[in-house]
Amino acid sequence: MIIELGHYALVLALATAVIQAALPILGARLNDRGLMELASSAAVACFLLVAFAFAVLTFAYVTSDFSVRNVWENSHSLKPLIYKISGVWGNHEGSMLLWLLILTFFSALVAAFGRNLPETLKANVLAVQAWIASAFALFILLTSNPFARLIPAPGEGKDLNPILQDVGLAIHPPLLYLGYVGFSVCFSFAIAALIEGRIDAAWARWVRPWTLAAWTFLTAGISMGSYWAYYELGWGGWWFWDPVENASFMPWLAGTALLHSALVMEKREALKIWTVLLAIMTFSLSLLGTFLVRSGVLTSVHAFATDPTRGVFILAILVFFIGGAFFLFALRASHLKAGGIFAPISREGALVFNNLILTTATVTVLTGTLYPLVLEALTGDKISVGPPFFNMTFGLLMLPLLFAVPFGPLLAWKRGDLAGVSQRLFAAVAIGLLFGTAYYYFMNGGPVLALFGIALGVYLIGGSLTDLALRSGLGKVAGNVAWKRFSGLPRSAFGTALAHIGLGVTLIGVVAVTAFETETVVEMKPGMTVEAGGYTLRFDGMRNGSGPNYSEESGHFTISRGGVAIDEVWSSKRLYQARRMPTTEAGIRTFGLSQLYVSLGDQISEGGIVVRIWWKPMILSIWGGTLFMMAGGFVSLSDRRLRVGAPARAKRPKTVPVGAAE
Amino acid sequence: MLFWILVAILTAAVAAVLILPLLRAGEVPSSPHSHDVEVYRDQLDELKRDQDSGLIGSDDAELARAEVARRLLAAGESDRNVAPAGSPRRGVNRVAQVFVLLCLPAVGLCLYLLTGSPGVPAQPLAARLADPNTDINILIAKAENHLAVKPDDGAGWDLLAPIYMRTGRVEDAVDAYDRAIRLLGPTPARLGGYAEALVVQSDGLVTTKAQEALRQALSLDPNDPRSEFYLALGLKQEGKKAEALTAFNRLAATSPADAPWLPLVKQHVAELTGGGAGSGAAPGNPSAEDVAAADSMSAGDRQEMIRGMVESLESRLKENPDNLEGWARLIRSHVVLDQRDKAAAALKEGLKAFPANGDGGKQLLALAHELGIATDGVTQ
C-alpha cells in the first residue's frame, strides 16, 4: 500500500503544480493577494508530495520490493545498501524523479526565502517553476513511471549497471541536477521579468544567490563526473568530450557567462536584456542536456535510457519551453529599458569580453555535439566529432579569455586604465613565466606550448592574488592597516580570487597531464618490472576474490623508487554476476599531486596479462582547481551584502570583483 | 479500503493548504516598487560603509551615490504612477477556490486510476522470503540460493527444471535438466524434459541434439509418448513425411483414448495425409506471452502469427544485418515453417554479414548443417 500511496502523492503533486501554474499568474495580473500567496503554499506542498514519493521509491529499493518494476530492473538483493539507495537515481525513471524533486525543492526555497521579493514577481516566478514541474511530472507519469508494478513479483532483481555501482556515481547525479535544475530559478526569474515587462538592478540582486548556488553545484557535479570517469572506466582519461559530458558543460559555460553579466547588471544596471537572454539560454541548455541524455539519441557509455516515445515527449517539452521563452523574449525585450553606459576599457567591458568568448565557446561545443546527430538524421552517416575538434576550437577560444581573467577584477567600473592594470599585473606575468620556464627545465624536453600553458596557469593564480594584495594596499600602507583592510574586504572579493585561482590550478593540471603523461602498454608476467614517472612497478601475480555481488581477479604490483619498495597497488577486473558484465577497477597511487594509474587488460598467455600503466603528472590539480572554484562559489554565496559598482573617473581598482564571486 | 481513506485524507490536506491563502485574502498588496526602493536604500547604506572603511574614495563614492539616487528617484516616481488597487475581487476568489477543489481530485484520481495499481500491496523481499506461501518466484529464488551454495544437489535441479520451463525461463531449464541428468542419471522424464526444453529454445525445431536425447529416452522406456511425439515431429520437419506419418500413427494407436495430446497428434496426421503446405505448428514459441497468445489461437491464426514474426524479423535484419542471433533464428523459423528454400536464402544473406571464415559465419554454417540445409554454393 505504501508504494501506491507514493504513486498517488506524485499524481497529486502534478495536480498541485497545475494549480500553482495557473492561479498565481492570474493573481499577479489582477493584483489579487490571495491568488498570489497561493503560489508559496502550493510550492511547499508540491515539494513535500514529491519528497514523499521519492522517499517511498527509496524505501522500495532498500527493501528490495521487486513488485515495483523499476526496482526489479535496477536492483539486486545482495547489493550493498549505499548502491541500493543510489540505484534510485541510477536509472532513467528514478533520475527523472530526482530531477523533479530538486526542481520542487528550489521552488519551495524561493517560496520560503523570497519574502523580500515583490509579490507579483514572486507569484510569477513560482508559476513558471510550476509550468516546468507540471511538464516533467506528466512526463514521468505517462512515459517513465517509476511506480509501475510487476505482478507476480520476481524473486530477484536484474541489478544496477555495474559501472554505476560506485561512490562517485552515487553522489554525481544529485550534485549535477542541483546545478542543472538550479538554473531553472534564473530562467523563471527571467520569464517572470518578461511577463511583467519590468527589470532592474534589484532583479539582479535577487537572482544572484540562485545563479551562484546552481553554478557551484554544477561545477561540483561536472568535476565529480570527470573524476569518476577517470578512475572507473579504466581508460585513464579525465575528459572525453563525450556528448553527455558536453551536455553538462554547455550549461556551465553559459552559466558562467550569466554569473558575470548578472554582476554587471546588479552593479551598473547595464546589460539587462543580455542577462535575461543568458538566463533563458542557460536553462535551455540544461533542458537540452536532459533531452540528449534521457531520450537515448546518443549512444555512449553514459546513455542508459532508450525509448523513442520518451524522446518525442522531451522534445515537445524542449520546444515548448525554449521556443516559448524566446518568443516571449522577442515580444517583450524591446519594452525593457536599457541601462548604464560604459567605455570599452572598463570592468564592464572586460565582462562583456568574458561573455562574448564564453558564449562563442558554448556555441562551439553545441555545434560539435549536435552536428553528428543532425548529420545522422539527414544522411544516415554516423560520424563522431572527437577531441581534436574540441581541443583546437575550444582551446584556442579559451586562450585570450584566460589571459584576460586577471584584468577583470583590476579594471575600474565604467572606464578603466589598461596600461595601469598591466603594470600592476607585471609581477604576476613575471612569476608565471618564471615558473613556466622552471617547469620546462625540470621536465626537460617538454613541448613549448606546455611552457606557455603552465605560465598562463601561474599567471592566473598570481593575478588573483595581486588583486587581493592591491585592494588591501599591501606595501603602500602599514602592515597592520593592510591586514585590517584585507580582512575587511567583502567576501565576494575572496570568492572571485578563489574561483580564478581554481581556474589557474585546473589549467596547470590539464597542461601538465596533456604534455607530460606517459603511457606504457605491456604484457607482464610475474616478476617483470616497468618504469613509469621515475617509479618502478613489479608485477607480483594475480589473485581471485569476490565481493557481495561480483567476483574479481586482482593483480598485485609493488612500487619502488631507487630500488627501495615504497608502496603497493592492486588493480582488478570485476565480473558482476547478475548482468554478467565486466568492469575494471584501476589501481591508483597518489604521489603529491601526481598519480600512477594501473589498469588490467586481457590475459594473453599462461600467467601473462596485458597491463596499462600511466604516469599522470599533476593530475589532481585538475579537480583540485574545481575545489577552489566551489569554495569561491560558497564564499561568495555567504556574502549577503549588497553590491554597488562605483563608477570611476580615474584609475583605481574598485571594490567588488568578478567571477565566481557573483 | 484503508488505502482510499488515506488517499482522501491526503487530497483533503493538500486542498486545505491551497485554499487557506485564498480565504485569508483581504489586504491589498504593497506597491511593486517599494521593494526596489528598499534595495536602493540598502545600496546607499552599503556605499557609506565602504567609504567609512576606506575601501572606496570619496570622489567615487559621490559618483556612485548619484547613480543609485537616480534609480531610487525613478523607482519612487513609478510608484506614484501605479493606481491603488481596488478591493479584492470576491468572484475571482470564489472561482479559484472551486478550481482548487475540483482540480485536485479530478487530476489526481483520473491519472492515478490510469497509471496506478490500487490495492497491490508492497512486497519487501525479506517478508516474502520469511513467508513464501505460494510465491513461485520466491520459491525459485530460494532454491537458486541453495543451489548456488550446493551446485551438486541433483534433486534440486531436477525439481527446478520443469518449474523453469513453466515460467518461460527456457535457457535455465535446459541447463537445469542437463545438470540433473549428469548428477542423477538419465530417466525418460528428465531426457524428455531436456529435449522439450531444447526444442522450445530453438523456436520449435527438433534439433539433432534433442533427437539424441529423445532416442535415449525411448531406449529406456519405449512407450514414452512425449519422446515419441517429438521424434515424429522431428521427422516431419526434416521432410520425411512417410516415416513421420508412421510414427504419429503408432503414437495415436498406443495412446489411451482420452490422452490430452491425441488431438494434436491427429492434427499432424491429418496434415501429413492431406499434404497441406506450410504445416507443422511448432509447440514452442519465443516467449511466454507468445505461447499464451498462441495457445488461444486456432492453428491457422498461429501460423499467421509465426509468419508475421518471421517477416518482421526479416525486415529488421535487412535494415541491420549485424545480428548473428537474428539470422540463426530466421533460418530456424523458415525450417519450422517448412520453407527450406527460404532458409537457404536466409543463410546466404546471413553469410554476407558474417563471412564463412569468421566465427559468426562458422556458427551459421554449423546450424545449417544441423538443420540439414544445403550449404553448397553459399560459401564461394
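Residues numbered from 1 in each chain as written. Chains lettered and ligands numbered in written order. Predicted model: local features only at pLDDT ≥ 70, side-chain atom pairs only at ≥ 80, totals over all residues. Heavy atoms only, no water.

Peer 1: Lay out the sheet that holds strand β9 (residues 609–616) of chain A with the relevant residues and their values.
Peer 2: Pairing between sheet strands relies on hydrogen bonds along the backbone, with the strands arranged either parallel or antiparallel. All names here are of chain A. Read across the sheet, 4 strands follow the order β1-β9-β8-β7 without closing on themselves; strand pairing throughout is antiparallel. On the outer flanks of this sheet lie β1 (518–524) and β7 (587–591), each paired with one strand and no other. Neighbour-to-neighbour, the strand axes of the sheet open up by a mean angle of 15°, direction not taken into account. As paired elements, strand β8 (residues 594–603) and β9 share 7 bridges and run antiparallel to each other. When the sheet's bridge partners are listed, V598 is paired in β9 with I613. (Pairing = 2+ DSSP bridges. Helix = DSSP H or I, 4+ residues; strand = E, 2+ residues; numbered from the N terminus. Axes fitted to C-alpha atoms, helices over the stretch in contact; angles between N-to-C directions.)

Peer 1: Describe the pattern of salt bridges, and please don't skip the residues or the numbers.
Peer 2: Residues and elements named next belong to chain B. With the rule as written, the count across this model stands at 21 salt bridges over all chains. When the shortest N-O distance is used, the salt bridge between E349 and K352 registers 3.1 Å. You can see E349 and its partner K352 sitting in helix α17 (residues 340–353), 3 residues apart, about one turn around the helix. Judged by its relative accessible area of 39%, E349 is partly exposed. Overall, the relative accessible area of 64% leaves K352 in the exposed class. (Salt bridge = Lys/Arg side-chain N within 4 Å of Asp/Glu carboxyl O. Buried < 20%, exposed > 50% of the residue type's maximum accessible area, 1.4 Å probe, protein only.)

Peer 1: I'd love a proper account of the nonpolar core, names of residues and values included.
Peer 2: One finds W99, F189 and W203 of chain A to be the most contacted residues of the largest nonpolar core, which totals 184 residues. In terms of residue count, the dominant contributor to this core is helix α7 (residues 167–196) of chain A (16 residues). (Core = buried A, V, L, I, M, F, W, Y, C linked by side-chain atoms within 4.5 Å.)

Peer 1: Give me the sheet that holds strand β6 (residues 581–585) of chain A: which residues, what numbers.
Peer 2: All names here are of chain A. Spatial ordering of the open sheet is given by β2-β3-β4-β5-β6, a layout of 5 strands whose pairing is antiparallel. If you trace the sheet from one side to the other, it starts and ends with β2 (529–532) and β6, each paired once. Adjacent strand axes in the sheet meet at a mean angle of 30° when their direction is disregarded. Sheet topology places β2 next to strand β3 (residues 535–546); 4 bridges connect them, and they run antiparallel. Each residue of the ladder has a partner; that of A532, found in β3, is Y535.

Peer 1: Quick one: what's the story with the confidence of the model for chain A, residue by residue and with numbers?
Peer 2: Residues and elements named next belong to chain A. Put simply, chain A has an average pLDDT of 81, and 86% of its residues get 70 or more. Within chain A, no element has a lower average pLDDT than helix α15 (residues 418–442), which sits at 67, and none a higher one than helix α2 (residues 33–62), at 92. This model gives residues 300–305 a pLDDT under 50, and the stretch forms 20 contacts once residues within four places in sequence are excluded. Ignoring residues within four places in sequence, the model shows residues 643–662, a span with pLDDT below 50, making 105 contacts including any to other chains. (pLDDT = per-residue confidence, 0-100. Contact = heavy atoms within 4.5 Å.)

Peer 1: Describe in detail the interface of chain A and chain B, supporting the description with residues and values.
Peer 2: In this complex, chain A contributes 78 residues to the contact, which on the side of chain B involves 69 residues. At the boundary of chain A with chain B, total buried surface from both sides reaches about 6,100 Å², with 66% on carbon and sulfur atoms. Applying the counting criterion to the chain A and chain B interface returns 0 salt bridges. There are 9 residue pairs in polar contact (both at pLDDT 80 or more) connecting chain A and chain B. In terms of residue count, the dominant contributor to the side of chain A that touches chain B is helix α1 (residues 2–30) of chain A (18 residues). Taken together, the residues of the side of chain A that touches chain B sort by class into 42 nonpolar, 15 polar and 21 charged. (Buried area = accessible area lost by both parts, 1.4 Å probe. Polar contact = N/O pair within 3.5 Å; in protein donor to acceptor, adjacent residues only side chain to side chain. Nonpolar A, V, L, I, M, F, W, Y, C, P; charged D, E, K, R; others polar.)

Peer 1: Tell me about the pairing of β7 of chain A, and please be specific about residues and values.
Peer 2: Residues and elements named next belong to chain A. For β7 and β8, the ladder comprises 5 bridges, and the chain directions are antiparallel. Looking at the pairing, T590 lines up with Q595 of β8. Count of turn residues in the β7/β8 antiparallel hairpin: 2 residues, of which G592 carries a positive phi of about 65°.

Peer 1: Which residues make up the pairing of strand β5 (residues 564–576) of chain A, and what are the values?
Peer 2: Residue and element names in this part refer to chain A. As judged from the 12 bridges shared by strand β4 (residues 550–561) and β5, these two strands associate in the antiparallel manner. Bridging across to β5, F557 finds its partner in V569. Hairpin connection between β4 and β5: a loop of 2 residues separates the two successive antiparallel strands, and G562 in this loop has a positive phi of roughly 60°. Relative to β6, β5 is paired through 5 bridges, and the arrangement is antiparallel. Residue pairing in the sheet places L575 in a bridge with P582 of β6. Taking the residues that link successive antiparallel strands as the turn, the β5-β6 hairpin has 4 residues, and the phi of R580 there is positive, at about 50°.

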